[in-house]
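Reading the structure
Below are the chains, spelled out letter by letter.
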Amino acid sequence: IGLAAGFDKDAVAVEWWDALGFGHCEVGTVTLRPQAGNPKPRLHRLAKDRALINRMGFNNAGAHALRVRLEGSWPHLPIGVNLGKNRDTPLQDAPKEYAALYRTLAPLGAYFVVNVSSPNTPGLRSLQEPEALREILQAIRAQKPRKPLLVKVAPDLEEAGLDAVLQIALDEGLDGIVATNTTVSRAGLSRDPGLEGGLSGKPLQPLADAALARLARGAAGRLALIGVGGVFDADDAWRKIALGAHLVQLYTGWVYGGPKTVARILNGLVERMDREGARSLDEVRGSAL
């Protein structure tokens, strides 16, 4: 169970997440240059729906500051790094910027995630288009050292779009896909609050699960899949694994559940394995497909 990107953007607490039960932490989204993000307020709780809407806009201290902080820290778990584009960088310059960002941080991350799916940076989601995405991934793959590389997809992609990203991931030798980012849909809310930004939490769950399942069927074990979106308890984590996830991440579920959430999920997974006679999660993975 990992902490999803967006919570510890600048790696200020990487030495402590293991004490709360997390097995990995994804820092960022980090951009090459420091970025203030969108004007506040930019994070809203929809408590009745167990959801959040955020329009953060990649607020972070930049790649150099993140590198300095990671160089001076001693984390006890794998640290992934989520990479994003600065808001004012032209889309055509994205491959060069992602490559420079990766090159700056490559020695310090256990794995890297290309974020082209946030709804809060204008035009960013267009980089999920096959030609644009391929250029970014090839630019990163040309850098050294080579580390595990994943791409994070939007839950709002049509099936053909998911299939295209999957094929590019396989063609370019990626190690996995993160499914999914937040959604621009407002389906599942008790009422639409009229707020801009990405929706996460329980209402995201059906979209994220559908995307994960389609990717798992298509990948057929050739990629590592990280299931994100609507994870609040052990049943949610179990469902992600049964839909093909190798790792599970949470953010909104942790915000609402508090510091004992991960321990409850882990204990619940073990209890359910005992009830169902599963000796390992490998026996569960993909069973719901």
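Residues numbered from 1 in each chain as written. Predicted model: local features only at pLDDT ≥ 70, side-chain atom pairs only at ≥ 80, totals over all residues. Heavy atoms only, no water.

Observations regarding the pairing of strand 10 (residues 224-228)
Sheet faces and side chains relate simply in a regular strand, where the side chains alternate between the two faces. Strand 10 sits mainly inside the fold: four of its five residues count as buried. Pairing geometry for strand 8 (residues 176-179) and strand 10, over four bridges, is parallel. Directly across from G176, in strand 10, lies its bridge partner A224. When strand 10 meets strand 11 (residues 247-250), the two strands line up parallel, connected through three bridges. Following the sheet pairing, I226 is matched in strand 11 by L247. (Buried < 20%, exposed > 50% of the residue type's maximum accessible area, 1.4 Å probe, protein only. Helix = DSSP H or I, 4+ residues; strand = E, 2+ residues; numbered from the N terminus. Pairing = 2+ DSSP bridges.)

Remarks on the nonpolar core
By size, the foremost hydrophobic cluster in this structure holds 68 residues, and its most contacted members are L83, Y98, L105, V114 and I177. Once residues within four sequence positions are removed from consideration, L105 is found in contact with V30, A63, L66, R67, V81, L83 and F112. Counting residues in each nonpolar core, the second largest holds nine residues, with Y111, V113, I226 and V228 among its members. (Core = buried A, V, L, I, M, F, W, Y, C linked by side-chain atoms within 4.5 Å. Contact = heavy atoms within 4.5 Å.)

Remarks on the environment of L66
Assignment of secondary structure puts L66 in helix 1 (residues 63-71). Sequence separation between L66 and V12 is 54 residues, and the spatial gap between their C-alpha atoms is 9.0 Å. Beyond its immediate sequence surroundings of up to four residues, L66 is in contact with K9, D10, A11, V27, V30, V81 and L105.

Brief notes about the packing of helix 5 (residues 205-219) against helix 6 (residues 234-242)
Put simply, helix 5 and helix 6 touch, their axes get as near as 9 Å, and they point 25° apart. By the angle class used here, helix 5 and helix 6 are roughly parallel. On the side of helix 5, the interface is formed by Q205, A208, D209 and L212, while helix 6 contributes D236, R239 and K240. Residue classes in the contact of helix 5 with helix 6 are distributed as two nonpolar, one polar and four charged. (Axes fitted to C-alpha atoms, helices over the stretch in contact; angles between N-to-C directions. Parallel < 35°, antiparallel > 145°, perpendicular 65-115°, else oblique. Nonpolar A, V, L, I, M, F, W, Y, C, P; charged D, E, K, R; others polar.)

What to know about the packing of helix 4 (residues 159-171) against helix 5
Two quantities define a packed helix pair, namely the angle between the axes and the distance from one axis to the other. Between helix 4 and helix 5, whose axes approach to 10 Å, the crossing angle comes to 45°. Taken as axis vectors, helix 4 and helix 5 run oblique relative to one another. Where helix 4 crosses over helix 5, the two elements pack in a sense that is right-handed. Taken together, the residues of helix 5 that come into contact with helix 4 (itself represented by E159, L162, D163 and L166) are A211, R214, L215, G218 and A219. Classifying every residue of the contact of helix 4 with helix 5 by side-chain character gives five nonpolar, one polar and three charged. (Left-handed = near helix turned anticlockwise from the far one by under 90°.)

Observations concerning the side chain of S118
The topology assignment puts S118 in the loop between strand 6 (111-115) and helix 3 (130-141). A distance of 3.2 Å separates a polar side-chain atom of S118 from the backbone nitrogen of N120. (Polar contact = N/O pair within 3.5 Å; in protein donor to acceptor, adjacent residues only side chain to side chain.)

Quick look at the pattern of salt bridges
Going through the model one piece at a time under the given rule, you end up with 17 salt bridges. The residue R125 makes a salt bridge to D156 at a minimum N-O spacing of 2.6 Å. With R125 in the loop between strand 6 and helix 3 and D156 in the loop between strand 7 (149-153) and helix 4, this residue pair connects regions lying 31 residues apart in the sequence. Residue classification places D156 among the partly exposed positions, given a relative accessible area of 27%. Among the ionic contacts, a cluster of salt bridges with common partners joins K202, D209, D236, R239 and K240. (Salt bridge = Lys/Arg side-chain N within 4 Å of Asp/Glu carboxyl O.)

Describing the sheet that holds strand 9 (residues 198-201)
What the three strands build is an open sheet, ordered 3-4-9; its pairing is antiparallel. The open sheet is flanked by strand 3 (43-46) and strand 9, the only strands paired with a single partner. Neighbour-to-neighbour, the strand axes of the sheet open up by a mean angle of 25°, direction not taken into account. One ladder, built from four bridges, connects strand 3 with strand 4 (residues 51-54); its direction is antiparallel.

What to know about the packing of aromatic side chains
Here the structure, examined in full by the defined rule, presents eight aromatic pairs. A ring pair is formed by F7 and W17, whose centres lie 5.7 Å apart and whose planes are at 80°; its orientation type is edge-to-face. Here F7 is found in the loop between strand 1 (2-3) and strand 2 (24-30), whereas its partner W17 is found in the loop between strand 1 and strand 2, with 10 residues between them in sequence. In this structure F7 comes out as partly exposed when scored by relative accessible area, which is 33%. A residue is classified by how much of its surface remains accessible, and W17, at 6% relative accessible area, is buried. Aromatic side chains F7 and W254 sit 5.1 Å apart centroid to centroid with 85° between the ring planes, which places their arrangement in the edge-to-face category. In this pair, F7 sits in the loop between strand 1 and strand 2 while W254 sits in helix 7 (residues 252-257), placing the two residues 247 residues apart along the sequence. Chaining the aromatic ring pairs together yields one cluster made of F7, W17, F22, Y251 and W254. Cation over ring: R45 sits above Y256, and NZ or CZ is 5.6 Å from the ring centre. The ring of F232 has R50 lying over it, and the distance from NZ or CZ to the ring centre is 4.6 Å. (Phe/Tyr/Trp six-rings, centres within 6.5 Å; stacked < 30°, edge-to-face > 60°. Lys NZ or Arg CZ within 6 Å of the ring centre and 35° of its normal.)

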